[in-house]
Amino acid sequence: MSELINLALRRNIFYPTAKIYSNSPAGFFDYGPIGLKIKNNIVEFWRKEFVEANNGLEIDGCQILPKAVFEASGHVANFADSVVKCKKCGVFFKGDKLLSDSGIDTKEQINPEEIDKLIKDKNIACPKCKSKNFEPSFKFNIMFGVNVGIDNKQPAFLRGEACQTIYLDFLRIYKNSRQSLPLVIGQIGKAFRNEIAPKNALIRTREFTQMDIQVFFNPKKQEKFDYNPDAKIPVLLINDKKEHLTPLKELINKKIVKSKVEACYLEKYYNFLLKLGYKETSLRFKYTPEDERPFYAQACWDCETYVDDLEWIEITGIHSRTDHDLSVHQKHSQTSLEIVEDGEKFLPHVFEVSIGTDRLLYTLLSDSLETLNEKNLLKLNESIMPYHMGIFPLVNKDDIDKLSLKLFEDLHRKYKVIYDDKGSIGKRYARIDEIGVRYAITVDYQTKEDNTVTIRDSWTTKQIRLNIKELADFFNKKLAH
Ligand SMILES: [Zn+2]
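Residues numbered from 1 in each chain as written. Predicted model: local features only at pLDDT ≥ 70, side-chain atom pairs only at ≥ 80, totals over all residues.

1. Points about the overall build of the protein chain
Logical step 1: The helix and strand inventory of the protein chain stands at 15 helices and 26 strands.
Logical step 2: The C-alpha atoms of the protein chain give 26 Å as radius of gyration, which agrees with the globular expectation for 481 residues (23 Å, within 12%).
Logical step 3: For the protein chain, the C-alpha atoms occupy an extent of roughly 80 × 65 × 55 Å along the three principal directions.
Logical step 4: Counting the 481 residues in the protein chain, one finds 37% classified as buried. (Helix = DSSP H or I, 4+ residues; strand = E, 2+ residues; numbered from the N terminus. Rg over C-alpha atoms; globule rule 2.2 N^0.38 Å. Buried ≥ 20, exposed ≤ 12 C-beta atoms within 10 Å, placed from the backbone.)

2. Thoughts on the domain arrangement of the protein chain
Logical step 1: Looking at the protein chain, the domain boundaries give domain 1 (3-76 + 144-369), domain 2 (80-141) and domain 3 (387-478).
Logical step 2: Relative to domain 3, the C-alpha centre of domain 2 lies at a distance of 56 Å. (Domains from an automatic or database assignment.)

3. Description of the packing of helix α7 (residues 163-177) against helix α10 (residues 324-333)
When two helices pack together, their arrangement is given by the angle between the helix axes and the distance between those axes.
Logical step 1: At a closest axis distance of 10 Å, the pairing of α7 and α10 adopts a crossing angle of 80 degrees. In terms of orientation, α7 lies roughly perpendicular with respect to α10. Contacts between α7 and α10 involve Tyr-167, Leu-168 and Phe-170 from the first element and Asp-325, Leu-326 and His-329 from the second. (Axes fitted to C-alpha atoms, helices over the stretch in contact; angles between N-to-C directions. Parallel < 35°, antiparallel > 145°, perpendicular 65-115°, else oblique. Contact = placed C-beta atoms within 7 Å.)

4. Considerations on the environment of His-332
Logical step 1: Examined against the element boundaries, His-332 turns out to sit in helix α10.
Logical step 2: Taking the C-beta count within 10 Å as the criterion, His-332 has 13 such neighbours and is therefore assigned partly exposed.
Logical step 3: In contact with His-332, not counting residues within four places along its chain, are Ala-68, Glu-71 and Ala-72.

5. Observations concerning the pairing of strand β12 (residues 232-236)
Logical step 1: Along β12, the buried face is formed by Ile-233 and Val-235; none of Lys-232, Pro-234 and Leu-236, which line the opposite face, is buried.
Logical step 2: The pairing of β12 with strand β13 (residues 244-247) spans four bridges and is antiparallel. Bridging from a neighbouring strand, Val-235 pairs with His-244 of β13.
Logical step 3: Sheet topology places β12 next to strand β14 (residues 283-287); two bridges connect them, and they run parallel. The residue bridging Val-235 from the neighbouring strand is Phe-285, located in β14. (Pairing = 2+ DSSP bridges.)

In structure tokens form, the structure reads like this:
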């Protein structure tokens, strides 16, 4: 088990759902009290930087949607993986994964016939039991079906991607908000996929949270999408062995980036991830060639981040979806979704930045986990850390507890503060170091004499002594909020 998963279980960050029942299905996770705080902070940071900064609007749509929506979107027909079953041990494998794990490069959309041929030609064995006997592979739709109503006559699905709701709501929001294009609509919400092989904790789960922005725009009018042509983006292009920093203007000249909106959001998103706390060397944008793109995408970048024991993991899809979504919903619902701006009647195009929130959280924690003096140190930046500081009374007597509680009362209205009075001070330090809390304030006998406390910075383990009256000033300088 990786150190991060171990830490997550030990410190109430995340853990498998319904674990007290031995037959609970894999691929479902709960966030505990510490994990939820970190997740909420990530969401709030995204909201500020990505939705509100663009004068965007946010919705919270339903998770169950009628079947007709997904017939229109193509999910009923196309949202499927090729699956192979081992005849001997009965284990199912994702076809492309079985091949790639055996060292055979394939595209994700490989069809069952091609898989069967490769399994035979390359003499592939079951990773579990080593048998070479497989059943013919088949397509498996990973949408979760549900039935609505007592008579079960209204087929519906748990949404496989959250964005469909935004397309369904677009025209109403556009008209009622009285904004003109480009219009950013954001949403954080759950999506569900009946994954064949859920694994690696939060990396591949069956219920997950997406943070999306969908940018609606007129493709002929992109002058509002600003970017710095000299901004360097770490890209992995076709045939590249390694990612390399490339200025946007070069990507545009080579016609790899084809629109201003694409350039604008590549830069914005890269900056967002750096501000969130990722190391520069842990990020790259993988260009997806036409034959490997999702069925709706005209341009497609997978933003990936490096995780030590898993290598490169996709955390975000950046797609130019053209007017595909609005046009299919217009056709299937027989409701016009066109708008009129500057005398032109048209269907807006959509550019999306769709973030797998749980993957982002997992990889950010992994990227931020360091070792200091042989102990874990989770180095989260201040907008993401679950608490800014912990308050520790040295003992629970002689009025030291009362002084500590009073300090907690004073500070927690302005900062995120955790109070911990259990165990040795050393253990309390180790506890907060592991969950990303930066400062520890210890109240001791000297506090009673001269009103001073010790402040320890977990990033350096250095301690200073300050008068309680100086704390506000100190934290105002150290923390932005
Ligand atoms: Zn087997």
